[in-house]
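Notes for the structure review
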Amino acid sequence: MAKTKELSKDTRNKIVDLHQVGKTESAIGKQLGLKKSTVGAIIRKWKTYKTTDNLPRSGAPRKISPRGVKMITRTVSKNPRTTRGDLVNDLQRAGTKVTKPTISNTLRRQGLKSCSARRVPLLKPVHVQARLKFAREHLDDPDEDWENVIWSDETKIELFGKNSTRRVWRTKNAELHPKNTIPTVKHGGGNIMLWGCFSAKGPGRLIRVKERMNGAMYREILSENLHPSARALKMKRGWVFQHDNDPKHTARAMKEWLRKKHFKVLEWPSQSPDLNPIENLWRELKVRVAQRQPQNITALEEICMDEWAKIPATVCENLVKTYRKRLTSVIANKVYITKY
């Protein structure tokens, strides 16, 4: 049977008014075009509760008891990788039969939702201490200092497909807590490798690395692209160059070359891609490239170059402006931070 439309408050009040002046239920129904039973129900409700407003409705009882809710909430808090099937089985053993959607709805009411686990580098105690040291030493640096940094990195962009994901139950803004991430190690179909740089003033150069990069190739990339990027970005004198602690970057020959070229290099804590705002630009670039759906490696490279050049300078500026928040998060959480 189809559900009837609820009467408006004005109509319900009109029924009561007509009843109070002595009209019968049949007469009221005919005048307003309503069934006699509907008119009678409104009048009885008014006589009982002295109102025509909708009363609170109890609704269907929850399938999972408060005790069951506490149990599954405690389970996923201890082990966020628990699946809905596991929770269904746990409740069934406790005498409660529910479906997977019921599990999802119940946990969502507790502020938990199923999300893909983030992949982050594995942090050892020495990495944690180095990150804390970096954050504390630079926390009070003025914004102008960060605006005078050229940030750099390499990334791989795939032609098709995504890496497999793992889902976890977590609260809002907890995506980078260690329990909610999948640790990975560095370097570990069609794809291209890119090197790029940027500053608060906009994107610098982006080039494709066509062979396996070694120290000599990396020095050639910097020699041909770093100074031209600095000039194009109109960096101030004394600008600072940032790169991570990849062995090619920290080799003795590389350090000596940087010293002879008079590059000022930012000391960097290992296993800290989240501290490099260029990671946000890589993500921006990959989203833009995926939307254009390149069909071959040549098109992939052309689209990457095109979309990199289109990234607004304001995006770069905002990433650098919020850098102090990254350092504050490292000090507060001592884990990987939410990307800004």
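Note: the structure precedes this text.
The following paragraphs examine the structure supplied in this document. (Residues numbered from 1 in each chain as written. Predicted model: local features only at pLDDT ≥ 70, side-chain atom pairs only at ≥ 80, totals over all residues. Heavy atoms only, no water.)

1. What about the overall build of the protein chain?
- Along the backbone of the protein chain there are 15 helices and nine strands.
- Whereas a compact globule of 340 residues would reach a radius of gyration of roughly 20 Å, the protein chain reaches 31 Å, over 25% beyond that.
- The principal-axis extent of the C-alpha atoms belonging to the protein chain is close to 105 × 50 × 45 Å.
- Within the span of the protein chain, comprising 340 residues, buried residues form 40% of the whole.
- Total accessible area on the protein chain is roughly 20,800 Å²; 50% of this is exposed by carbon and sulfur atoms. (Helix = DSSP H or I, 4+ residues; strand = E, 2+ residues; numbered from the N terminus. Rg over C-alpha atoms; globule rule 2.2 N^0.38 Å. Buried < 20%, exposed > 50% of the residue type's maximum accessible area, 1.4 Å probe, protein only. Areas by Shrake-Rupley, 256 points an atom, 1.4 Å probe, with all protein chains shown as cover.)

2. Let's talk about the packing of aromatic side chains
- In the structure shown here, the tally under the stated rule is eight aromatic pairs.
- Geometrically, the ring pair formed by Trp146 and Trp151 is stacked, given 5.9 Å between the ring centres and 25 degrees between the ring planes. We note that Trp146, like Trp151, is buried.
- The side chain of Lys50 reaches across the aromatic face of Trp46, ending 5.2 Å from its centre. (Phe/Tyr/Trp six-rings, centres within 6.5 Å; stacked < 30°, edge-to-face > 60°. Lys NZ or Arg CZ within 6 Å of the ring centre and 35° of its normal.)

3. Looking at the sheet that holds strand E6 (residues 191-199)
- Pairing within the open sheet is mixed, and its five strands lie in the order E7-E6-E3-E8-E9. Whereas interior strands pair on both sides, the edge strands pair on one side only; in this sheet they are strand E7 (202-209) and strand E9 (264-265).
- Bridge analysis of strand E3 (residues 149-158) against strand E8 (residues 240-242) gives three bridges, and the strand direction is parallel. Note that in E8 the partner of Val149 across the bridge is Val240.
- Lying over the sheet, helix H12 (residues 278-292) contacts E3, E6 and E7, oriented at roughly 40 degrees with respect to E3. (Pairing = 2+ DSSP bridges. Contact = heavy atoms within 4.5 Å. Axes fitted to C-alpha atoms, helices over the stretch in contact; angles between N-to-C directions.)

4. What to know about helix H14 (residues 313-321)
- For H14, the set of buried residues is Cys316, Leu319 and Val320. All buried residues of H14 fall inside an arc of 95 degrees around its axis, so they share one side.
- Summarising the contacts, the buried residues of H14 are in contact with helix H8 (143-147), E3, E6, E7, H12 and helix H15 (323-333). (Arc of directions from axis to C-beta.)

5. Considerations on the environment of Ser8
- For Ser8, the location among the structural elements is in the segment before helix H1 (9-20).
- Looking at Ser8, the relative accessible area reads 38%, which means it is partly exposed.
- Here the alpha-carbon distance between Ser8 and Arg109, two residues 101 residues apart in the chain, equals 31 Å.

6. Comments concerning unusual backbone geometry
- Although it is not a glycine, Lys50 adopts a positive phi angle of roughly 60 degrees.
- Mapping Lys50 onto the fold places it in the loop between helix H3 (36-49) and helix H4 (66-78).
- When its relative accessible area of 60% is taken as the criterion, Lys50 is described as exposed.
- Despite not being glycine, Gln293 shows a phi value in the positive range, around 50 degrees.
- Looking at where Gln293 falls in the secondary structure, it is placed in the loop between H12 and helix H13 (297-310).

7. A short note on the nonpolar core
- Counting residues in each nonpolar core, the largest one holds 34 residues, and the members touching the most others are Trp146 and Trp151.
- The leading source of residues in this core is H12, at five residues.
- Those residues in contact with Trp146 that sit more than four places away from it in its chain are Phe134, His138, Asp141, Trp151, Leu266, Val320, Tyr323 and Leu327.
- Residues Trp195, Met235, Phe241 and Trp257 belong to the second largest nonpolar core, which totals 20 residues. (Core = buried A, V, L, I, M, F, W, Y, C linked by side-chain atoms within 4.5 Å.)

8. Side note on the pairing of E3
- The element E3 is extensively covered by neighbouring structure, given that eight of its ten residues are classed as buried.
- Two elements, E3 and E6, share eight bridges in a ladder whose sense is antiparallel. Bridging from a neighbouring strand, Glu158 pairs with Asn191 of E6.

9. Overview of the packing of H4 against helix H6 (residues 100-109)
- Two numbers describe how H4 lies on H6: the axes approach to 10 Å, and their chain directions differ by 80 degrees. Between H4 and H6, the angle falls in the class roughly perpendicular. Each of Val69, Ile72, Thr73 and Val76 in H4 lies in contact with H6, whose residues at this interface are Ile103, Thr106 and Leu107.
- Across the contact of H4 with H6, the residue classes tally to five nonpolar, two polar and no charged. (Parallel < 35°, antiparallel > 145°, perpendicular 65-115°, else oblique. Nonpolar A, V, L, I, M, F, W, Y, C, P; charged D, E, K, R; others polar.)

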